[in-house]
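These are the residues of each chain, in order.
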Amino acid sequence: MIKAVVFDVGGVLLRLDESKYYTHISNISGVSYDDVRKTLHSLEKYSYAGKMSAEEFSSAVASKLGIKKKEVGWLDFVKNNASVDKEVSELAFQLHRRYITGILTNADRSRYRYVVAHFKKEMHIDSFDYRFASCYMGIIKPSKRIFKYVVKHIGVVPGEVIFIDDHKENVDGARSIGMNSILFNNLHDNVNYLRAQIEKFTK
């Protein structure tokens, strides 16, 4: 029996096309898109785990890519490009009436704080029973440890949870401990698809 539904934020509850950020940094740095993406991913894991501040992250990116620190614009990109997927957020709000709901996001503290404060009403932040952010946990998806932490703190077993994420490696990580998982990306999947996938587990 399903008792809890846990949502990722970026790409699920929040529309944010990170590829635009990589393209922007590639254009101003002259570094290829793939190398920009690899550089950022290599540093994100420290920022997401709360082991690197936003200032330190910006300094490291600027140094590696040969751009000015102010050009990194890590938080500015979110401020200028992020928007709530209102249909998915409304679905999460509706599910809260029947199930325990939560969010589980890989995020650095600056982005997480901004999203929670700025989109609080649109995303129905206060309706989620649990909010798990990697930057405060010291663990990032797709580590098995983060999923085990989530189910333990919610007070359920993995098979009683549905986890929704836009990255296959995170979905696979959740499945590896027995969680029911759905791969969903709001940039190309619609809410009806997500609703149908959830219903498969809740019938």
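One structure accompanies this document, and this report is about it. Bear in mind that the values here come from a model prediction, so they are computed numbers and not experimental data. (Residues numbered from 1 in each chain as written. Predicted model: local features only at pLDDT ≥ 70, side-chain atom pairs only at ≥ 80, totals over all residues. Heavy atoms only, no water.)

## With respect to the sheet that holds strand β7 (residues 180-183)
Spelled out, the test is: Strands are labelled as partners when DSSP assigns at least two bridges between them. For the purposes of this entry, the term helix denotes a DSSP run of H or I that reaches at least four residues, the term strand denotes a run of E that reaches at least two, and both are numbered from the N terminus. Here an angle of 0 to 180 degrees is reported between the N-to-C directions of two axes, which are lines fitted to C-alpha atoms, with helices fitted over the stretch in contact. We call two residues contacting when some pair of their heavy atoms lies within 4.5 Å.
Ordered by their spatial adjacency, five strands build an open sheet running β5-β4-β1-β6-β7, and the pairing between neighbours is parallel. The sheet is open, and its two borders are formed by β5 (130-133) and β7, each paired with just one other strand. Pairs of neighbouring strands in the sheet enclose a mean axial angle of 20 degrees, with direction left out of account. Where strand β1 (residues 4-7) lies against strand β6 (residues 161-165), four bridges are found, and the strand directions are parallel. Its bridge partner being in β6, Phe7 is matched across the sheet by Ile164. Relative to β5, helix α9 (residues 144-154) is tilted by about 160 degrees, and along the sheet it contacts β1, β4 (100-105), β5 and β6. On top of the sheet, helix α11 (residues 191-202) reaches β1, β6 and β7; it is set at about 165 degrees to β7, its chief contact.

## A look at the pairing of β6
Inclusion rule: Any residue under 20% of the maximum accessible area for its type is buried, any over 50% is exposed, and the rest in between are partly exposed; the area is computed with a 1.4 Å probe on protein chains only. The path from the first strand over the helix to the second decides the hand: if it runs clockwise while the strands point away from the viewer, the crossover is right-handed.
Where burial is concerned, most of β6 is hidden: five out of the five residues are buried. Here β6 shows two buried faces, one formed by Val161, Phe163 and Asp165 and the other by Ile162 and Ile164. Of the crossover connections in this fold, the one passing from β6 over helix α10 (residues 168-175) to the parallel β7 is right-handed.

## Thoughts on the side chain of Ser26
One can find Ser26 in helix α1 (residues 18-29). Judged by relative accessible area, Ser26 falls into the buried class, the value being 14%. In this structure Ser26 touches Val31, Ser32, Tyr33 and Val36, once residues within four positions along its chain are discounted.

## Observations regarding the environment of Ile2
Its location among the elements puts Ile2 in the segment before β1. It is 22 Å that separates the C-alpha atoms of Ile2 and Asn190, two residues lying 188 residues apart in sequence. With residues near it in sequence (within four places) discarded, Ile2 still touches Tyr99, Gly159, Glu160, Val161, Ile162, Asn180, Phe201 and Thr202.

## Points about the packing of aromatic side chains
The line we're drawing: Ring pairs shown here join Phe, Tyr and Trp side chains whose ring centres sit within 6.5 Å, with only the six-membered ring taken for Trp; geometry is labelled stacked below 30 degrees between planes, edge-to-face above 60, and tilted in between. Cation placement over rings: the criterion is NZ of Lys or CZ of Arg within 6 Å of the ring centroid and within 35° of the ring normal.
Per the stated rule, a full pass over the model turns up 11 aromatic pairs. Ring centres of Tyr22 and Tyr33 lie 5.8 Å apart, and the angle between their planes is 80 degrees; this geometry places the pair in the edge-to-face category. Residue Tyr22 is found in helix α1, and its partner Tyr33 is found in helix α2 (residues 33-48); the two are separated by 11 residues along the sequence. For Tyr33, a relative accessible area of 30% puts it in the partly exposed group. The structure contains a cluster of three or more aromatic residues connected by ring pairs, namely Tyr21, Tyr22, Tyr33, Phe57, Trp74 and Phe77. The aromatic ring of Trp74 is capped on one face by Arg111, whose charged end is 3.5 Å from the ring centroid.

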